[in-house]
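Each chain, letter by letter, is given below.
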Amino acid sequence: LSHLSSAGARAIKKSIKEKIEVKISLDFDEYYSILKKNKAKFNVLPAHTLDELRDLKQRMPDAFQLFAVYHQDKMIGGVFTFHANDNVLLTFYIASLEEYRDLRPVNRCLHEVSLWAKSNGYAYLDLGVSMNTESDNPMEPAWNLISFKEFIGARGFLRQKYSLKLSS
């Protein structure tokens, strides 16, 4: 917990006190219902269907993991990860039930995912983009999301994209 702010460390400790558990799971049905509810808050759908997530896991079983968060044996959130390469584990989808937010399930899950990633030889845990999905400008940052990621110990960087138009 030393890399976290004091508030971030308190959030993890609170989740431990509340007996939040994180387990690798194959319960895609329950997770996907949470993911859809989570995305609905932002008037968007997940980029993948439930069947597509299952298909990805079936085709590349070692590349995808679902880290599910439980409180009193009820799934309340989770993080679906993707092995991008030998150095990077990407958090593909992050979701939790709003009514359990005060238990800090996402904080705890991301903490456990980072420990798992480190113990499995990854150098980086990529928390994905932080764009405002409600903006007309696809490059507008989502400042609340950025603040949350920094709260849990992440450091941001700008991904640059270059393109070259070749004339024919």
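All of these numbers come straight from a predicted model, not from anything done at the bench.

Which parts of the structure should I look at to understand the overall build of the chain?
Of regular secondary structure, the chain possesses five helices and five strands. When the elements of the chain are put in sequence order from the N terminus, they spell out α-β-α-α-β-β-β-α-β-α. Residue burial in the chain is summarised as follows: out of 168 residues, 36% are buried. Expressed as a percentage of contacts within the chain between residues at least 6 apart in sequence, the contacts between residues at least 24 apart total 61%. Here the chain has roughly 11100 Å² of accessible surface; of this, 52% comes from carbon and sulfur atoms.

Which parts of the structure should I look at to understand the pairing of strand S2 (residues 64-71)?
For S2, a buried count of eight out of eight residues is recorded, marking the element as mostly surrounded by other parts of the structure. The two faces of S2 match: Phe 64, Leu 66, Ala 68 and Tyr 70 on one face and Gln 65, Phe 67, Val 69 and His 71 on the other face are all buried. In this structure, strand S1 (residues 21-25) lies alongside S2, joined through five bridges in antiparallel fashion. Opposite Glu 21, over in S2, you have Tyr 70 as the bridge partner. Examined bridge by bridge, S2 and strand S3 (residues 74-83) share eight bridges and lie antiparallel to one another.

How should the packing of helix H1 (residues 6-17) against helix H4 (residues 105-119) be read in this particular structure?
In helix packing, the relevant descriptors are the interaxial angle and the interaxial distance, both defined with respect to the helix axes. Contact geometry for H1 and H4: axes closest at 9 Å, N-to-C directions at 100°. By the angle class used here, H1 and H4 are roughly perpendicular. On H4, the residues that touch Ala 11, Ile 12, Ser 15 and Ile 16 of H1 are Asn 107, Arg 108 and His 111.

Parameters and conventions
Residues numbered from 1 in each chain as written. Predicted model: local features only at pLDDT ≥ 70, side-chain atom pairs only at ≥ 80, totals over all residues. Heavy atoms only, no water. Helix = DSSP H or I, 4+ residues; strand = E, 2+ residues; numbered from the N terminus. Buried < 20%, exposed > 50% of the residue type's maximum accessible area, 1.4 Å probe, protein only. Contact = heavy atoms within 4.5 Å. Areas by Shrake-Rupley, 256 points an atom, 1.4 Å probe, with all protein chains shown as cover. Pairing = 2+ DSSP bridges. Axes fitted to C-alpha atoms, helices over the stretch in contact; angles between N-to-C directions. Parallel < 35°, antiparallel > 145°, perpendicular 65-115°, else oblique.

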